Amino acid sequence: METPANSTKDNSGYESAKKIILRWDSTASEVGRERMIFGTDRQEADFYLQAVDEIQRSLSSASISDCSHNVDADNQSKVKTTIQIAMARLEDEFRNILIIHTSALEIDSLFDSSTSFSSSTPTHHDLEDDEDCISDDSGSSRNNLLQLHHCESSDSSTYRTSSSIREVDLMPAEAICDLQAIAMRMIAAGYLRECIQVYGSVRKSSVDSSFRKLGIEKLSIGDVQRLEWEALEGKIRRWIRAARVCVRILFASEKKLCEQIFDCVGTDIDDACFMETVKGPAIQLFNFAEAISISRRSPEKLFKILDLHDALMELLPDIEAVFDSKSSDSIRVQAAEILSRLAEAARGILFEFENAVLREPSRVPVPGGTIHPLTRYVMNYISLISDYKQTLIELIMSKPSTGSRYSGDPSTPDMEFTELEGKTPLALHLIWIIVVLQFNLDGKSKHYRDVSLAHLFMMNNVHYIVQKVKGSPELREMIGDDCLRKLTGKFRQAATSYQRATWVSVLYCLRDEGLHVSGSFSSGVSKTALRERFKTFNAMFEEVHRTQSMWLIPDGQLREELRISISEKLLPAYRSFLGRFRSHIESGKHPENYIKYSAEDLETAVLDLFEGYPAS
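Residues numbered from 1 in each chain as written. Predicted model: local features only at pLDDT ≥ 70, side-chain atom pairs only at ≥ 80, totals over all residues. Heavy atoms only, no water.

Across its full length, the protein holds 23 helices and two strands. Counting across all 616 residues of the protein, residues that qualify as buried make up 49%. Summed over all atoms, the accessible surface of the protein reaches about 28600 Å², with 50% contributed by carbon and sulfur. (Helix = DSSP H or I, 4+ residues; strand = E, 2+ residues; numbered from the N terminus. Buried < 20%, exposed > 50% of the residue type's maximum accessible area, 1.4 Å probe, protein only. Areas by Shrake-Rupley, 256 points an atom, 1.4 Å probe, with all protein chains shown as cover.)

Right under this line is the structure:
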């Protein structure tokens, strides 16, 4: 049992502590309204904390609760009131310290130092340079593939888990000590919820400010899905950049600060305060990626989805390290589910792309037999796919079955996969898309009325396919030399077919048959037949020259090779014909009406072919 002396001493301590508490009561004291305790000097702050400790001891002390010392329920109520006044004051002090020591992070420096992870991010603009809008017979269609349009210095940092996480000190050590001291008193007095709420509201405001600087907008999943894809592309680039900073620096540093302030309490309050601070912003951050993962699939979205997938895949270990408690399960689960949906979306888009290529409906022939926009789009698309080879190889797990794909369906091509043993599923898929593209182009070539132009069209387009494969080491490796040789053979066969369709009939005019009287070479030459033969040749050559100068071979080397091939067949035959029959024409009237061209004139005229505009 306590002595009267000790009781007197305790009562004296309580009264002194109560005076200090009331002196700083902002509802009744002018000094309490005008000044902050922890903004004056350390001695004032220490006195106040000691007073709080004394009041808390008094509340539970036997000297207060023992009726033999004449302390009744009324006195106990007064002590509780004093505690409430003290807690209200500490709550204000706690909030003030948090606010005055909350400074914006230097976002630009964080971008440079947060991680070495970077992405070369192609956009739909990488495709659209080669795209033109095409209408089918009924006008443009939106479903047409071609129309898809597509802080403290680093010296104060600590590292945990891996070098990708960089925690920065968000507050000075002195402020952390004050916050620790206040939090311990509030929690001991039963004000845990108030402490968490004050901490969360101030720090969440700081996180929101950093979000704004990082360019992270408050968009719902619905808001994101209503945006045009072109606008989303830029937002995705910013999101990837910002997400690395948020997870690896911002959230990690907030977690560190919670641990510094609340670890000493010995409960899970540090995690509770952390989740109070960052759960809303984290959900806001990941909702954007979730909206993209469940949005409508279309080919131009593939590369941004792969960028998001790769970025989130790289961040996942850091997300698991930062959100490692039971209360943050929902954040880890959301991130993992988004990653899975992004992977499924990428697979779906890639496999749906082949059907879009196969079914692309435009029927209007491209002028001059040049490269079809579909060919440019598909091959540029495939080239970009090869840049994501490693990711896509991991995503495409199921290998197509051996044998013929779509065998027996006249609306689809056949492809023997038994000839492609050993290739990855991604390589097989890309080869199949090229096969599908050729099948579609072959169908489009039939819309040309001129058979020669149809062959030229196929030559141009298959040659473009070959050049795009050759121009990408990754794509060439996947496609393989055997497939490349087959493609090369196809465009050379198309070139040969063009020459036969165009020049066989022209060269047929330079034959000897039909020019000799009585069918005997020695019987003489029919000048009438010879004049008709020259007139026919001139007319046919002029028609070829007139029409085919407007045809186009975009590749300069291919254009020159075809001109040389034509000249090598035409010029020797013409020179020989002239040598044999010139004298028969020149001995008659008006020879210039029949021999209109020299061999040199023809050679010059051949140089006008395939330029895409009328020759002079």
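There's plenty left to go through after this.
Between helix H15 (residues 373–387) and helix H17 (residues 425–445), the least distance of the axes is 11 Å, while the angle of their chain directions is 175°. The angle between the axes of H15 and H17 places the two elements in the roughly antiparallel class. The residues of H17 that touch H15, namely those facing Leu374, Thr375, Val378, Met379, Ile382 and Ile385, are Leu426, Leu430, Ile433, Ile434, Leu437, Asn440, Leu441 and Lys444. When its residues are assigned to classes, the contact of H15 with H17 shows eleven nonpolar, two polar and one charged. (Axes fitted to C-alpha atoms, helices over the stretch in contact; angles between N-to-C directions. Parallel < 35°, antiparallel > 145°, perpendicular 65-115°, else oblique. Contact = heavy atoms within 4.5 Å. Nonpolar A, V, L, I, M, F, W, Y, C, P; charged D, E, K, R; others polar.)

A separate point is the packing of aromatic side chains. If you walk through the whole model with that rule in mind, you get 19 aromatic pairs. Ring centres of phenylalanine 251 and phenylalanine 323 lie 5.7 Å apart, and the angle between their planes is 75°; this geometry places the pair in the edge-to-face category. Linking phenylalanine 251 in helix H11 (residues 229–262) with phenylalanine 323 in the loop between helix H13 (302–322) and helix H14 (329–359), this pair joins segments that are 72 residues apart in sequence. Taken as a pair, phenylalanine 251 and phenylalanine 323 share a single burial class, namely buried. Ring pairing ties together the aromatic residues Phe303, Phe353, Tyr377, Tyr381 and Tyr388, which thus form one cluster. One cation-aromatic arrangement involves arginine 511 over tyrosine 508; the distance from NZ or CZ to the ring centre is 3.6 Å. (Phe/Tyr/Trp six-rings, centres within 6.5 Å; stacked < 30°, edge-to-face > 60°. Lys NZ or Arg CZ within 6 Å of the ring centre and 35° of its normal.)

Glancing now at helix H8 (residues 173–188). Here H8 is 16 residues long and its end C-alpha atoms lie 23 Å apart, about the 22 Å a rise of 1.5 Å per residue gives. Taken together, the buried positions of H8 are Ala175, Ile176, Asp178, Leu179, Ala181, Ile182, Ala183, Arg185, Met186 and Ile187. In the stretch just after H8, glycine 190 is the one whose phi turns positive, near 90°. (Expected span 1.5 Å × (residues − 1).)

Quick look at unusual backbone geometry now. A positive phi angle, near 45°, is found at histidine 590, a position not held by glycine. Positive phi outside glycine occurs at phenylalanine 610, with the angle close to 70°. Among the structural elements, phenylalanine 610 can be located in the segment after helix H23 (599–606). By relative accessible area, which is 0% here, phenylalanine 610 ends up buried.

Attention now moves to the pattern of salt bridges. By the definition in use, this model includes 34 salt bridges. Of the charged contacts in the structure, one is a salt bridge between glutamate 217 and lysine 235, with a shortest N-O distance of 2.3 Å. Here the residue glutamate 217 occupies a position in the loop between helix H9 (192–214) and helix H10 (221–226), and lysine 235 occupies one in helix H11, the gap between them amounting to 18 residues. Note on lysine 235: relative accessible area 16%, which makes it buried. Note that glutamate 560 is salt-bridged to arginine 563, the shortest N-O span being 3.9 Å. In this pair, glutamate 560 and arginine 563 both sit in helix H22 (residues 556–586), three residues apart, roughly one turn of the helix. A relative accessible area of 36% places glutamate 560 in the partly exposed class. Classification of arginine 563 by relative accessible area gives buried; the value is 7%. Through salt bridges with shared partners, a single ionic network connects Arg559, Glu560, Arg563 and Glu611. (Salt bridge = Lys/Arg side-chain N within 4 Å of Asp/Glu carboxyl O.)

Before going further, it helps to examine the packing of H22 against H23. Taken N-terminus to C-terminus, the directions of H22 and H23 make an angle of 165°; their axes are 10 Å apart at the nearest point. One element, H22, and the other, H23, form an angle in the roughly antiparallel class. Here the hand of the crossing between H22 and H23 comes out right-handed. Contact with H22, carried on its side by Arg563, Ile566, Ser567, Leu570, Leu571, Tyr574 and Arg575, involves Ala599, Glu600, Leu602, Glu603 and Val606 of H23 and no other residues of that element. Looking at the contact of H22 with H23 residue by residue, the classes come out as seven nonpolar, one polar and four charged. (Left-handed = near helix turned anticlockwise from the far one by under 90°.)

What follows covers the nonpolar core. Formed by 182 residues in total, the largest nonpolar core has its most connected members in Phe94, Trp239, Phe251, Phe262, Phe286, Phe323 and Tyr574. Per element, the largest residue contribution to this core is 18 residues, and it comes from H11. Beyond its immediate chain neighbours, meaning those up to four positions away, phenylalanine 286 contacts Trp239, Val247, Leu312, Ile319, Ile331, Gln334 and Ile338. (Core = buried A, V, L, I, M, F, W, Y, C linked by side-chain atoms within 4.5 Å.)

Attention now goes to the environment of threonine 528. Turning to its location among the elements, threonine 528 is positioned in helix H21 (residues 527–548). Judged by its relative accessible area of 55%, threonine 528 is exposed.

With that out of the way, let us pick up helix H18 (residues 451–470). Here H18 contains 20 residues, and its C-alpha end-to-end distance of 29 Å stays within 8% of the 28 Å for a straight helix at 1.5 Å per residue. The element H18 is largely enclosed, with a buried count of 15 among its 20 residues. Of the residues that open H18, the one with a side-chain oxygen 2.8 Å from the backbone nitrogen of serine 452 is aspartate 450. (Polar contact = N/O pair within 3.5 Å; in protein donor to acceptor, adjacent residues only side chain to side chain.)

The next subject is the environment of lysine 304. Relative to the assigned elements, lysine 304 resides in helix H13. For lysine 304 and glycine 234, which are 70 residues apart along the polypeptide, the C-alpha to C-alpha distance reads 9.8 Å.

Within the secondary structure layout, histidine 309 lies in helix H13. Each residue touching histidine 309, except ones within four places of it in the same chain, is listed here: Leu339, Leu342, Ala343, Thr391 and Leu395.

Next up on the list: the side chain of lysine 301. Turning to its location among the elements, lysine 301 is positioned in the loop between helix H12 (269–293) and H13. Buried charge without a partner: lysine 301 forms no salt bridge, and the closest opposite charge is glutamate 300, 5.6 Å away. A distance of 2.5 Å separates a polar atom in the side chain of lysine 301 from the backbone oxygen of arginine 296. Not counting chain neighbours up to four residues away, the residues in contact with lysine 301 comprise Trp229, Ser295, Arg296 and Ile349. (Lys, Arg positive; Asp, Glu negative; His and termini not counted.)

Bringing the environment of leucine 392 into the picture now. By the secondary structure assignment, leucine 392 is in helix H16 (residues 389–395). Ignoring any residue separated from it by four or fewer positions in sequence, one finds leucine 392 in contact with Leu306, Leu350, Ile385 and Leu426.

Next up on the list: the confidence of the model for the protein. Summing up the model confidence of the protein, the mean pLDDT is 83 and the portion of residues at 70 or higher is 81%. In the model, residues 113–121 has pLDDT below 50 throughout and makes 21 contacts with residues more than four positions away in sequence or in other chains. In this model, residues 128–144 is a region of pLDDT below 50 whose contacts with residues beyond four sequence positions or in other chains number 34 contacts. (pLDDT = per-residue confidence, 0-100.)

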